[in-house]
Amino acid sequence: MVAARALTVALTGAALALAGCAVGRGNGATAHDPALAGRVDALVAPLVAANAFSGAIVLERSGKMVYARGFGLANRTAGVAFTPETPSDGGSIAKTFTAAALWALVHEGRLALDTPVEQLVPEFPHRRTTVRQLLAHSNGLPPYYEFFDPHFAVGAVRTTPEMLRVVAGVSPDPRFEPGTRFEYSNLGYDAAGLVIERVSGQGYEAFVRERFLAPLGMSASFARPARLADWRGVRTQGYRFRDGAWRDFDAFDGEAFLGASNLYFSTRDLARWGSAQIERRVLPAPALAAGQRPSTIAGQPSPISALSWYCDPHASRCHYTGSVNAFHAFVHWDRARAETIAFVSNSTLPPWQTIALQHGLVDALAGRAPKSAAPPAFDRFDRRSRASISGRYVAEGVGSVRVSTDGDTLRLRVDAGLEFELFQVSRDAFYVPGRDWWLAFSGGQAARRMHLRSMYVDAVAQREAL
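All chains use their own residue numbering, which begins from 1 and follows the written sequence. Local features in this predicted model are restricted to residues of pLDDT 70 or higher, and side-chain atom pairs are both shown and tallied only at a pLDDT of 80 or more, whereas totals for entire chains, interfaces and linings draw on every residue. As a rule here, side-chain values cover all heavy atoms of the structure and leave hydrogens and water aside.

Q: If you had to explain the overall build of the protein to someone new, which residues and values would you point to?
A: Helix and strand counts for the protein stand at eleven helices and 24 strands. The size measure is the radius of gyration over C-alpha atoms, and the globule rule it meets is 2.2 Å times the number of residues to the 0.38 power. At 21 Å, the protein has a C-alpha radius of gyration in line with the 23 Å of a compact globule built from 466 residues. The C-alpha extent of the protein, read off along each of the three principal axes, is 60 × 55 × 45 Å. Within the protein, counting contacts between residues at least 6 apart in sequence, those at least 24 apart form 66% of the total. Accessible surface, the protein: about 17400 Å² in total, of which carbon and sulfur atoms supply 51%. For the purpose of counting charges, residues Lys and Arg are taken to be positive, whereas Asp and Glu are taken to be negative. His and the chain ends are not included. Note that the charge is assigned to NZ on lysines, CZ on arginines, CG on aspartates and CD on glutamates. Taking the 50 positively charged and 43 negatively charged side chains of the protein as two groups, their mean positions are separated by 3 Å. Helical segments are the DSSP runs of H or I of at least four residues, strand segments are the runs of E of at least two, and each set is numbered from the N terminus. Note on definitions: a residue-residue contact is assigned when non-hydrogen atoms from the two residues lie within 4.5 Å. The protein chains shown are the only cover counted for residues, whose accessible areas, like all others here, come from Shrake-Rupley with a 1.4 Å probe.

And the structure:
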């Protein structure tokens, strides 16, 4: 997930009408299990009614689709409905394809992960950084694209080589010694996309299509054009509902970089990608075994595997997300249960409801009644007051969670593990890239509690006395 790009709210009256329709009358609806369809529709209907969800959901079991439905509109100007076959911005889910492509080249003997990136990509600005450190988000490059805003003219197309040249001129030394700490890195994965191109001799999209999209039947997925004006056909656009009307909150224009983002997927295709992970059809067994292990940074295991998935401790359940402006995409697969969940949204789903929906879909497919998606009353913070969340929190099953401040930067560390940056994504919610944790707080300054949710953790931690 790209944490520096915000999350918020949305949806439409047309989608509200769909929420009340019987399954099978929604946008491209398919349901083979009425009880499952009832659980999912009951979970999604309040989000639709609250103008908080338009998009599509696909659930699979043993590679077979058991639920598929679209909600609302993909393009409001053209009046195009969102269906399970509608391509939408996948954000950081592209990273799972980039990581798989690198491991395919390693398996073929064409790439060694400990090779300095500069040997393969001469534009790369830092000599000591290796391909492995790109994969592990431990490279010392500027982490987010906002860094480059002063260096490109308004409306100019930005490419990865040009951004790397900017870094060489402005920041010739890495922000930290590569391999010594975690920092979620979009440009690192774009540079990994260049590695794939230089080693394979193919363009990034051509390589990904040949190795993954075509063999897995992901026919509705593609790399977007740099300029949105060059789009062929009707494009899925991003929106948010503000002051009683839908407003544009769209993808960024002029992005000609691939590796970290900028792949578009239908929900049906994302479900195919998840089911292929379960069935071990993405990579040869040795490459899969190596990539499933956590990346290691400064001797500590990263919560992200070397194939760019967040996984449970047994690596039997894994997921990844992508968010950019109004768009959110999610893939979750459970190898033990042979179950896959995918959804995409173009409606600025609110932060706490995002993780609630992800959890709820897992529960629904597993036959459990989803918990209420209604968030509790959380403390709200502005830029000045958010430092008040600092302190040490303890939760059973999680350990000691310390939040610290360094100027405007918030950081989080569990026990003696890696440190991660903490981003405020709404007045009452925070996100931790690298752990894929969502945090909120209650109780006020005197009795502050941390509410912590991820796909594998659901806990409330009490802050120790100040």
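Q: I'd love a proper account of the environment of Val324, names of residues and values included.
A: For Val324, the position within the fold is in strand S14 (residues 317-324). The buried label goes to any residue with under 20% of its type's maximum accessible area, the exposed label to any with over 50%, and the partly exposed label to all in between, with areas taken from a 1.4 Å probe on protein chains only. Judged by relative accessible area, Val324 falls into the buried class, the value being 5%. Between the C-alpha atoms of Val324 and Leu134, which are 190 residues apart in sequence, the distance is 21 Å.

Q: I'd like to hear about helix H2 (residues 34-49), residue by residue, with values.
A: What a helix should span is 1.5 Å times the count of its residues minus one. Look at H2: 22 Å from first C-alpha to last across 16 residues, which is about the 22 Å you get at 1.5 Å a residue. Among the residues making up H2, those that are buried are Leu36, Ala37, Val40, Asp41, Leu43, Val44, Leu47 and Val48. Within two residues after H2, Asn51 carries a phi angle of roughly 55 degrees, on the positive side.

Q: Tell me about the layout of surface pockets, and please be specific about residues and values.
A: Points on a 1 Å grid, built from protein atoms alone, make a cavity when a 1.4 Å probe fits but cannot get out and make a pocket when they are open with protein on both sides within 12 Å along at least 5 of 7 lines; residues with an atom within 4 Å of a point are the lining residues. Grid points are joined across faces, edges and corners, and a volume is the space filled by probe spheres set on the points. Empty space within the largest pocket amounts to approximately 690 Å³. Taken together, 30 residues form the lining of the largest pocket, with Pro303, Cys311, Asp312, Pro313 and Arg435 sitting closest to its centre. Counting residues per element, the ones that place at least two in the lining of the largest pocket are strand S12 (300-305) and strand S13 (310-311). Considering every element that reaches the lining of the largest pocket, the biggest residue donor is S12, with six residues.

Q: Explain the packing of aromatic side chains residue by residue, including any values.
A: Aromatic ring pairs: the centre-centre distance and the angle between the two ring planes describe each pair. A pair of aromatic rings is counted whenever rings of Phe, Tyr or Trp (Trp by its six-membered ring) have centres within 6.5 Å, and the orientation is called stacked for planes under 30 degrees apart, edge-to-face for over 60 and tilted otherwise. Tallied over the entire structure, the rule returns 24 aromatic pairs. Ring centres of Trp352 and Phe378 lie 5.0 Å apart, and the angle between their planes is 75 degrees; on these two criteria the pair is classed as edge-to-face. You can see Trp352 sitting in helix H11 (residues 351-365) and its partner Phe378 sitting in the loop between H11 and strand S17 (391-395), a full 26 residues away along the chain. The burial state of Trp352 is the same as that of Phe378; both residues are buried. Members of the aromatic cluster, connected to one another through ring pairs, are Phe53, Phe71, Phe330 and Phe343. A ring is scored as having a charge over it whenever the NZ atom of a lysine or the CZ atom of an arginine sits within 6 Å of its centre and within 35 degrees of its normal. The residue whose ring lies beneath Arg235 is Trp231, and the NZ or CZ to ring-centre distance is 5.8 Å. Above the face of the Phe249 ring, Arg240 is positioned so that its terminal group lies 3.8 Å from the ring centre.

Q: I'd love a proper account of the sheet that holds strand S6 (residues 88-89), names of residues and values included.
A: Pairing within the open sheet is antiparallel, and its three strands lie in the order S6-S10-S7. Two strands in the sheet have a free side with no partner beyond their single neighbour: S6 and strand S7 (222-223). What makes two strands pair is DSSP finding at least two bridges between them.

Q: How would you explain the sheet that holds strand S23 (residues 449-453) if you had to name every residue and give the values?
A: The strand order S17-S18-S19-S20-S21-S22-S23-S24 describes a closed barrel built from eight strands, whose pairing is antiparallel. On average, each strand axis in the sheet is tilted by 30 degrees relative to the strand beside it, whichever way the strands run. Of the strand pairs in this sheet, strand S19 (residues 409-414) and strand S20 (residues 419-426) are connected by four bridges, and their pairing is antiparallel. In the strand pairing of S20, Leu412 is matched with Phe420. The strands touched by H11 within the sheet are S20, strand S21 (429-432), strand S22 (437-442) and S23, with S22 carrying the most contacts at an inclination of about 125 degrees. In this analysis, axes come from line fits to C-alpha atoms, helices being fitted only over the stretch in contact, and the angle between any two N-to-C directions falls in the range 0 to 180 degrees.

Q: Break down the pairing of strand S15 (residues 327-334) for me, citing the residues and quoting the values.
A: The buried fraction of S15 amounts to eight of the eight residues, a majority that puts the element mostly inside the structure. The sheet contact formed by S14 and S15 spans eight bridges and is antiparallel. What sits directly across from Val324, in S15, is Phe327. In this structure, the hairpin formed by S14 and S15 is closed by a connection of two residues, where Asn325 is found at a positive phi of approximately 50 degrees. Both S15 and strand S16 (residues 339-345) contribute to a ladder of seven bridges, which runs antiparallel. Bridge pairing in S16 links Asp334 to Glu339. With antiparallel pairing between neighbouring strands as the criterion, S15 and S16 make up a hairpin whose turn holds four residues, including Ala338 at a positive phi of roughly 55 degrees.

Q: Break down the state of the cysteines for me, citing the residues and quoting the values.
A: Joining two cysteines, a disulfide is a covalent bond between their sulfur atoms. Any two cysteine sulfur atoms within 2.5 Å of one another count as a disulfide. Tallied over the full model, the rule gives one disulfide. What pairs with Cys311 in a disulfide is Cys318, and their sulfur atoms sit 2.1 Å apart. Sign of the S-S torsion, about 105 degrees for the bond between Cys311 and Cys318, identifies this disulfide as right-handed. The class for Cys318 is buried, based on a relative accessible area of 2%.

Q: I'd like to hear about the nonpolar core, residue by residue, with values.
A: One finds Ile57, Phe97 and Leu439 to be the most contacted residues of the largest nonpolar core, which totals 134 residues. Considering every element that reaches this core, the biggest residue donor is helix H3 (residues 94-107), with nine residues. Apart from residues lying up to four places away in sequence, Ile57 is in contact with Val40, Val44, Tyr67, Ala68, Arg69, Phe71, Thr267, Ala342, Phe343 and Leu361. By size, the runner-up hydrophobic cluster in this structure holds six residues, among which are Trp231, Ala251, Tyr264 and Phe327. Here, the term nonpolar core denotes a set of buried Ala, Val, Leu, Ile, Met, Phe, Trp, Tyr and Cys residues that are joined through side-chain atoms within 4.5 Å.

Q: Tell me about the side chain of Thr348, and name the residues and values.
A: Residue position: Thr348 is located in the loop between S16 and H11. Look at Thr348 and you get buried, because its relative accessible area is 1%.

Q: Go over unusual backbone geometry with me, naming the residues and quoting the values.
A: Look at Arg280: it is not a glycine, yet its phi comes out positive at around 55 degrees. With respect to the element layout, Arg280 can be found in the loop between helix H9 (267-278) and helix H10 (285-291). One non-glycine residue, Asp415, lies in the positive phi region at around 50 degrees. With respect to the helices, strands and loops of the structure, Asp415 is situated in the loop between S19 and S20.

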